[in-house]
Amino acid sequence: MNQDSQSMHFEYNVEGGNFSRAGYASSEIKKLLKQLNVDMGIIKRTVVGCYEAEVNVVAHAYTGTIYVDLNTESITIRFQDEGPGIPDIDQAMVEGFSTASSKVREMGFGAGMGLPNIKKNADQMKISSIVGKGTTLEITMLLQ
Amino acid sequence: MKVSEIQQLIDGRILCGEELTDYSVEVAFASDLMSDVLTLKSDHVLLITGLSNMQIIRTAEMSDIHCVILARNKKASQEMIDLARENGQVLIECQYSVFKTCGLLFQAGVKPIF
Ligand SMILES: Nc1ncnc2c1ncn2[C@@H]1O[C@H](COP(=O)(O)OP(=O)(O)O)[C@@H](O)[C@H]1O
Ligand SMILES: [Mg+2]
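Residues numbered from 1 in each chain as written. Chains lettered and ligands numbered in written order. Predicted model: local features only at pLDDT ≥ 70, side-chain atom pairs only at ≥ 80, totals over all residues. Heavy atoms only, no water.

Engineer: Looking at this structure, how should I read the pairing of strand E4 (residues 67-70) of chain B?
Structural biologist: Along a regular strand, successive side chains alternate from one face of the sheet to the other. All names here are of chain B. Alternating positions in E4 separate into two faces, Cys67 and Ile69 on one and Val68 and Leu70 on the other, with burial throughout. As paired strands, strand E3 (residues 45-49) and E4 are joined by 4 bridges and run parallel to one another. By the bridge assignment for E4, Leu47 is matched with Val68. Between the parallel elements E3 and E4, the chain passes through helix H3 (residues 54-62) in a crossover that is right-handed. The sheet contact formed by E4 and strand E5 (residues 90-93) spans 4 bridges and is parallel. When the bridges of E5 are listed, Cys67 appears paired with Val90. Of the crossover connections in this fold, the one passing from E4 over helix H4 (residues 78-87) to the parallel E5 is right-handed. (Buried < 20%, exposed > 50% of the residue type's maximum accessible area, 1.4 Å probe, protein only. Helix = DSSP H or I, 4+ residues; strand = E, 2+ residues; numbered from the N terminus. Pairing = 2+ DSSP bridges. Right-handed = clockwise from strand over helix to strand, strands pointing away.)

Engineer: Quick question: what am I supposed to make of H4 of chain B here?
Structural biologist: Side chains that are three or four residues apart share a direction in an α-helix, a result of its 3.6 residues per turn. Residues and elements named next belong to chain B. What H4 keeps buried is the set Met80, Ile81, Leu83 and Ala84. Down the axis, H4 shows its buried residues gathered within 165 degrees of arc, on one side only. Turned more than 90 degrees away from the buried face of H4, the exposed residues are Gln78 and Glu86. On the buried face of H4, the contacting elements are strand E1 (13-16), H3, E4 and E5. Looking at the residues trailing H4, positive phi occurs at Gly88, about 70 degrees. (Arc of directions from axis to C-beta. Contact = heavy atoms within 4.5 Å.)

Engineer: Looking at this structure, I do not really get the interface of chain B and chain A. What am I missing?
Structural biologist: The parts lose accessible area when they come together, and the size of an interface is often stated as this lost area. Tallying the contact residues gives 23 residues for chain B and 22 residues for chain A. Summing both sides of the interface, chain B and chain A together bury roughly 1900 Å²; the carbon and sulfur share of this comes to 50%. By the criterion of area lost to chain A, the three top residues of chain B are Leu38, Gln55 and Met62 of chain B, representing 34% of everything that side buries. At the junction of chain B with chain A, the criterion picks out 3 salt bridges. Linking Lys30 of chain A and Asp64 of chain B is a salt bridge whose minimum nitrogen-to-oxygen distance equals 2.6 Å. In this assembly, chain B and chain A are joined by 17 residue pairs in polar contact (both at pLDDT 80 or more). Among the secondary structure elements, those contributing two or more residues to the side of chain B that touches chain A are helix H2 (34-37), H3 and H4 of chain B. Examining the composition of the side of chain B that touches chain A, we find that 6 residues originate from one element, H3 of chain B, more than from any other. Taken together, the residues that form the side of chain B that touches chain A break down as 7 nonpolar, 7 polar and 9 charged. (Buried area = accessible area lost by both parts, 1.4 Å probe. Salt bridge = Lys/Arg side-chain N within 4 Å of Asp/Glu carboxyl O. Polar contact = N/O pair within 3.5 Å; in protein donor to acceptor, adjacent residues only side chain to side chain. Nonpolar A, V, L, I, M, F, W, Y, C, P; charged D, E, K, R; others polar.)

Engineer: When you look at the site of ligand 1 in this model, what are you seeing that I'm missing?
Structural biologist: Residue and element names in this part refer to chain A. Neighbouring residues of ligand 1: 18 residues in total, closest His60, Asp81, Ser98, Thr99 and Leu115. Contacts to ligand 1 include Leu115, whose backbone N or O atom sits 2.9 Å from an oxygen atom. Compared with its free state, where it exposes 520 Å², ligand 1 has 95% of that area covered by protein. Residue assignment for the shell around ligand 1 shows that the elements contributing at least two residues are helix H2 (40-60) and helix H5 (114-121). (Near = heavy atom within 4 Å. Areas by Shrake-Rupley, 256 points an atom, 1.4 Å probe, with all protein chains shown as cover.)

Engineer: What is the right way to read the packing of aromatic side chains from this model?
Structural biologist: Aromatic rings in a pair are described by how distant their centres are and how their planes are angled relative to each other. Within the structure shown, the criterion is met by 2 aromatic pairs over all chains. Ring geometry for Tyr51 of chain A against Phe109 of chain A: centres 5.7 Å apart, planes inclined by 80 degrees, an arrangement best described as edge-to-face. Of the two residues, Tyr51 of chain A sits in helix H2 while Phe109 of chain A sits in the loop between helix H4 (102-106) and H5, which places them 58 residues apart along the sequence. Side by side, Tyr51 of chain A and Phe109 of chain A carry an identical accessibility label, which is buried. Taken together, a centroid distance of 6.2 Å and an interplanar angle of 45 degrees make the contact between Phe29 of chain B and Phe114 of chain B tilted. Here Phe29 of chain B, found in strand E2 (residues 27-30), pairs with Phe114 of chain B, found in the segment after strand E6 (111-112); they are 85 residues apart in sequence, far enough to count as distant. (Phe/Tyr/Trp six-rings, centres within 6.5 Å; stacked < 30°, edge-to-face > 60°.)

Spelled out as structure tokens, the structure:
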């Protein structure tokens, strides 16, 4: 953690395929935002998006890192993974589109609702991907 | 409806959160799809599910759900119980089907979200 009066930075690792740990980082982020007295409504939108994005790294990629940057104006969370990437992002954004395995569905995900719900909850969302390398998803929440 | 009443009504077994039996819920949602639960806007929802895994507890945590019923005689793992306890959630095992569990709660006045 880096901290000065203006901004804070945190990082969390995410292990692909580890479903028992999926959500650990989102949980830490939730605790952090609560400590900082962020508005409860903003916390909920942030962590719901965060958790779906973390589950995506676990479900669809090999390994990833979550970078959290906070200042008085906004929270930016970047999910950067090494994985197969997304060949067609427009298609991936369509509600109901999913390539999830049966293992993922057994966990209660894999209905193709994650990315659309992240988009609904975030104030801004950016996604880019290179097939064979990985995916980067960034969400921004405005605090004022 | 208070947790203690819910437990009696569905003949459930409280695994953790015993100290929260006075906690009260007005509305409930039943799903095996956690992505669906994560779209809910309401707070203080009672979640009824036919699954049992760590993601149920995580989903409840992110959604500010404080009471979860595992129906269909699903058993919680120790890891789930420990996490739910840490999160201050009530976790209840119940032998009835999801349909019967929901039916009993609905009949007793617990409201649907939509
Ligand atoms: N980090 C990622 N790496 C590779 N593919 C991804 C990633 N995130 C999402 N996808 C692709 O986009 C699809 C839709 O994602 P999402 O809406 O979260 O639904 P789900 O995860 O339930 O399938 C996934 O099935 C997968 O094909
Ligand atoms: Mg997903």
